[in-house]
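# Structure at a glance
Each chain is listed here by its residues.
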Amino acid sequence: MSYLDDFDLARLALKQGNYAHGLRHVNQALGLPGRTGEFERGPLLVLRGQMLWGLARFDEAIADAQEALQHCERQLALPCQSDAHLLLSIAYGDLGLHDQALIEATTGFSLAMQHRLTLQEAMAMNRLGLCYLRLGDCTLGESFLLNSLSLMRECSESHEIVATLNNLGMAACGSYERSVEDGDPHIAQLALDRARRYVSQAINMARREGHQFRVLSSENNLAKLMGQAGETVQAERLLRNCIARAVEHSYAALERRARYNLGCLLIAQDQTQQGIDELRVLLADLIDKSAMEPLRRVTHAALRDAYKKLGMPVQATDHEQQFSALEARRVQALDDARIRLAVSRLVMDQALAVAEKVRSAIDMRLLWSAEEVLDKVQQRIEAINTAT
C-alpha cells in the first residue's frame, strides 16, 4: 500500500471517528522509508495526534503536535501550523492545563486571521469557546462558539459544525445550571431548551456523516440534558448504551464522561449508593491516568454531595478537600486567562471584529480594561509574559 493510500484511509477514518483504525494507517504512512519527506511529515503528525486525542492518549497527542509544529514552521505550512496549535489547545484542556490551552488557541487564531485561513479561524473560535467553557464562563464560551458556527457554515465543514453544535449545547447547559442556582426558572428553561436544540442538531448531522465518536459524544450530552428535564428513565438507558459503545470503539475519554453523567443521574434518582459506586470506579480510573483534571474535579464534588446526602461527613469532607484543591487551580487558571486576554489586546480585537460581523451584541464581561487588570494583578503580568 502506498503513502497516499494510507494517508487517504487515515483521513477517512478520522472523519468517521474510527480512531484506532486510522492510527494504524497513519503509522504505516509515517513508517514508509523514503516516502514521507519534511513537507508530508507535519500534516501526518497532526493527523496522528488527532487520532491519539480521540483515544484519550493526550500526552502522545501533544508530543506529535509539538513535533509537527517544528516541521510546519520550517516549511511555512501555515494551515498545518494552525492545526497543530489547535490540537495542542484541546489536549492541554483535557489535561486541565487551561492557561496553556488558551495560549495555543489564541496563537492558532491569530495565525489564521493573519493569513486568512477561514477554516482554521473558525476552528480556533471553537477552541477558544471550549477553553472558556472549561474555565466556567459559559456566556463568553457560547459567544465564541456562535461565531465559530457562523464561519463553519460558510466553509460547509460539517465535521466541525457537529463539534461546535455539541459544544454550544454544553455552553447552554452551563447557563441552565447557573440560572437554576440563581433561582430564575424561566431563564433556566430557555437555556435548557436551547441546549437540547443544539445537541439534537449535532446528533442528526453526526449520524448523516457516519461519525461514531460525534454521535456518541452528542448522545451523552443529550442524556445529561434529558436527566435535567426529568426524563430519567430514557436518560439512563441512553447513557448505558453510550458507555457500551464507547468501550467497543476504545473512546476512553467519552466513556469516562458518560460514566460521570450516569453516576450523577443515579444519585439524582435517589439511587445514591449505586451512583457512588459508579463514581468511585471512575475516580480510580482518572487518578490512575493522572489526566482529565476537570472531570476529576467535578467527580469529587459529586461524591462530596452524595456522601452528605447519606449522612457520611468524614467521606464528604475528604472529597471536599480534594475538590477545593482542584477548584483553586481552576480559579487560578481563569485569572491567568483574564490577564492574558487583557495583555494580548491584538488577538482579542481581532476576535471582536469577527464577532461584530455575525452578532449584534456579545457579553464580553471578562474583558476588563488594561487599567483594571493592572490594579489587580500587576505583580503577575511580567511572570506570565516571560513564561509565554
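What you see is a predicted model, and the numbers here were worked out from it, not measured in a lab.

Take the packing of helix α8 (residues 138–155) against helix α9 (residues 158–181) next. Where α8 contacts α9, the axes come no closer than 9 Å and their chain directions differ by 160 degrees. With respect to each other, α8 and α9 are oriented roughly antiparallel. Where α8 crosses over α9, the handedness of that crossing is left-handed. Along the contact surface, α8 presents C138, E142, L145, L146, S148, L149, M152 and R153, while α9 presents E160, I161, T164, L165, N167, L168, A171, A172, G174 and S175.

Our focus in this paragraph is helix α4 (residues 58–75). Counting along an α-helix, one turn takes 3.6 residues, and residues three or four places apart therefore face a common direction. Between its terminal C-alpha atoms α4 stretches 26 Å, which fits the 26 Å expected from 18 residues at 1.5 Å a residue. Buried within α4 we find F58, A61, I62, D64, A65, A68, L69, H71 and C72. Taken from the residues just after α4, L76 is the one with a positive phi, measuring 55 degrees.

Here we come to the packing of helix α11 (residues 212–228) against helix α13 (residues 252–268). Where α11 meets α13, the closest approach of the two axes is 10 Å, and the angle between their N-to-C directions is 15 degrees. Comparing the axis directions of α11 and α13 gives the class roughly parallel. At the point where α11 passes α13, the crossing takes the left-handed sense. Contacts between α11 and α13 pair F213, L216, S217, N220, K224 and G227 from the former with L254, R257, A258, N261 and L265 from the latter. Split into classes, the residues belonging to the contact of α11 with α13 amount to 5 nonpolar, 4 polar and 2 charged.

The subject of this paragraph is the packing of aromatic side chains. For the structure shown, the criterion picks out 5 aromatic pairs. A centroid spacing of 6.1 Å and a plane angle of 15 degrees characterise the contact between Y132 and F144, whose relative ring orientation is stacked. One end of the pair, Y132, is in helix α7 (residues 118–134); the other, F144, is in helix α8, with 12 residues separating them in the sequence. Here the aromatic rings of F213 and Y251 are separated by 5.0 Å at their centres, their planes lie at 85 degrees, and the arrangement is edge-to-face. You can see F213 sitting in helix α11 and its partner Y251 sitting in the loop between α12 (232–248) and α13, a full 38 residues away along the chain.

Counting 111 residues, the largest nonpolar core has Y19 and W53 as the members making the most contacts within it. Ranked by residue count, the leading element in this core is helix α10 (residues 185–209), at 10 residues. Beyond its immediate stretch of four places on either side in the chain, W53 contacts Y19, F58, A61, L87, I90, A91, D94 and F213.

Next up on the list: the state of the cysteines. Scanning all chains against the criterion turns up 1 disulfide. Here C72 pairs with C80 through a disulfide, and the sulfurs are 2.2 Å apart. An identical accessibility class is assigned to C72 and C80; each is buried. Free of any disulfide, C173 has its nearest cysteine sulfur in C138, 8.0 Å distant. Note on C173: relative accessible area 1%, which makes it buried.

Relative to the elements of secondary structure, T139 occurs in helix α8. The partly exposed category is assigned to T139, whose relative accessible area is 28%. Considering only alpha carbons, one finds T139 and G129, 10 residues apart in sequence, at a separation of 9.3 Å.

Criteria and thresholds
Residues numbered from 1 in each chain as written. Predicted model: local features only at pLDDT ≥ 70, side-chain atom pairs only at ≥ 80, totals over all residues. Heavy atoms only, no water. Axes fitted to C-alpha atoms, helices over the stretch in contact; angles between N-to-C directions. Helix = DSSP H or I, 4+ residues; strand = E, 2+ residues; numbered from the N terminus. Parallel < 35°, antiparallel > 145°, perpendicular 65-115°, else oblique. Left-handed = near helix turned anticlockwise from the far one by under 90°. Contact = heavy atoms within 4.5 Å. Expected span 1.5 Å × (residues − 1). Buried < 20%, exposed > 50% of the residue type's maximum accessible area, 1.4 Å probe, protein only. Nonpolar A, V, L, I, M, F, W, Y, C, P; charged D, E, K, R; others polar. Phe/Tyr/Trp six-rings, centres within 6.5 Å; stacked < 30°, edge-to-face > 60°. Core = buried A, V, L, I, M, F, W, Y, C linked by side-chain atoms within 4.5 Å. Disulfide = S-S within 2.5 Å.

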